[in-house]
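# Report on the structure
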Amino acid sequence: MIPKVPKLKYSESGNFFLMAGPCAIEGEDMAMQIAETLVKICDDRQIPLIFKGSYRKANRSRIDSFTGIGDEKALKILQKVGETFNIPTVTDIHESHEAAMAAEFVDVLQIPAFLFRQTELLVAAAKTGKFVNIKKGQFAGTDAMKHAMQKCIDSGNSNVILTDRGNMFGYGDMIVDFRNIPEMQHNGVPVVMDITHSLQQPNQSSGVTGGKPELIETIAKAAIAVGTDGLFLETHPNPSQAKSDGANMLPLAQLPDLLDKLLRIRAAIQ
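Now for a description of the structure that goes with this document.

What counts as what
Residues numbered from 1 in each chain as written. Predicted model: local features only at pLDDT ≥ 70, side-chain atom pairs only at ≥ 80, totals over all residues. Heavy atoms only, no water. 1 Å grid on protein atoms, 1.4 Å probe; cavity = no way out; pocket = protein on both sides within 12 Å on 5 of 7 lines; lining within 4 Å. Points joined across faces, edges and corners; volume = space filled by probe spheres on them. Helix = DSSP H or I, 4+ residues; strand = E, 2+ residues; numbered from the N terminus. Nonpolar A, V, L, I, M, F, W, Y, C, P; charged D, E, K, R; others polar. Expected span 1.5 Å × (residues − 1). Buried < 20%, exposed > 50% of the residue type's maximum accessible area, 1.4 Å probe, protein only. Arc of directions from axis to C-beta. Core = buried A, V, L, I, M, F, W, Y, C linked by side-chain atoms within 4.5 Å. Axes fitted to C-alpha atoms, helices over the stretch in contact; angles between N-to-C directions. Parallel < 35°, antiparallel > 145°, perpendicular 65-115°, else oblique. Left-handed = near helix turned anticlockwise from the far one by under 90°. Contact = heavy atoms within 4.5 Å.

### Let's talk about empty space enclosed by the protein
Tallied over the entire structure, the rule returns one cavity of 30 Å³ or more. In this structure, the largest cavity encloses a volume near 60 Å³. Taken together, K7, K9, Y10, V39, C42, D43, I47, P48, L49 and I87 make up the full set of residues lining the largest cavity. A per-element tally of the lining of the largest cavity places helix α1 (residues 28-45) first, with three residues. In terms of residue class, the lining of the largest cavity is made up of seven nonpolar, no polar and three charged.

### A look at helix α5 (residues 143-154)
An ideal rise of 1.5 Å per residue puts 16 Å on 12 residues; α5 measures up with 17 Å between its terminal C-alpha atoms. The set of residues buried in α5 consists of M145, A148, M149 and C152. The buried residues of α5 occupy one face: seen down the axis, they fall within an arc of 95 degrees. When the buried face of α5 is taken as reference, the exposed residues oriented beyond 90 degrees from it are D143 and D154. Taken from the residues just after α5, G156 is the one with a positive phi, measuring 95 degrees.

### Thoughts on the nonpolar core
By size, the foremost hydrophobic cluster in this structure holds 69 residues, and its most contacted members are L18, F51, I134 and L231. The dominant element in this core, judged by the number of residues it contributes, is α1, at nine residues. Judged by nonpolar contacts, the second largest core, of 12 residues, contains V5, F131, V192 and F232.

### Digging into the packing of helix α4 (residues 119-127) against α5
The contact between α4 and α5 brings their axes to 8 Å, and the two run at 45 degrees. For the element pair α4 / α5, the angle class is oblique. Here the hand of the crossing between α4 and α5 comes out right-handed. Here T119, L122 and A126 of α4 lie close against α5, whose contacting residues are A148, K151 and C152. Grouping the constituent residues of the contact of α4 with α5 by class yields four nonpolar, one polar and one charged.

Structure follows, in structure tokens:
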């Protein structure tokens, strides 16, 4: 199921859709370069694309961690990406007053996993009329997501996407339960697998989140095999130089090969 987001191309291709981009908007040149590359890669394969970038990182391990280049500046860059390449864009919000502000610049508002139970935040996002992508909490089961979704519907907005990003295992690792994908699809909305955040290793002693990017392909293949509607991933030309979440990003140069493999799996199960 592909969401009917404005400007979403190739919705009739039968392919999964892709939500992809850098973790954070670090600057205009970087965002535009990544977006241009993503558009070409996805156009060549008729994969519907939603460009992702956080205008501000509010949930950081340390107080000296990079949080952003300024809200309005970053949001205007996201708007420029959308207008330049005629693609929808998504960014996350953390407080209810951010919803209306961000909605002026992007097509999809994303609710972070730690905040998916925040009623006021969900209602504010829903009332903008934009698509709302709700990430499942690492601490939650799939049953909890129908209630988060219903809060948006009861606020007059049925344009909801649900995203799984793994479940916390112990104190510093994630596991992915692939039963979550079909179980959340029973709600009748598109379901996405976040194939990079599900490989995070938070709460490291250094205060910098770790990850297992070598398993991105494994998680992606399994998600496509069980029928996910879309994939979410963070990518960067040089993850080691990224200012946020570089430890679990996919190098941008590796994306074409990964997508080709995933398209073959998609074709095989259809």
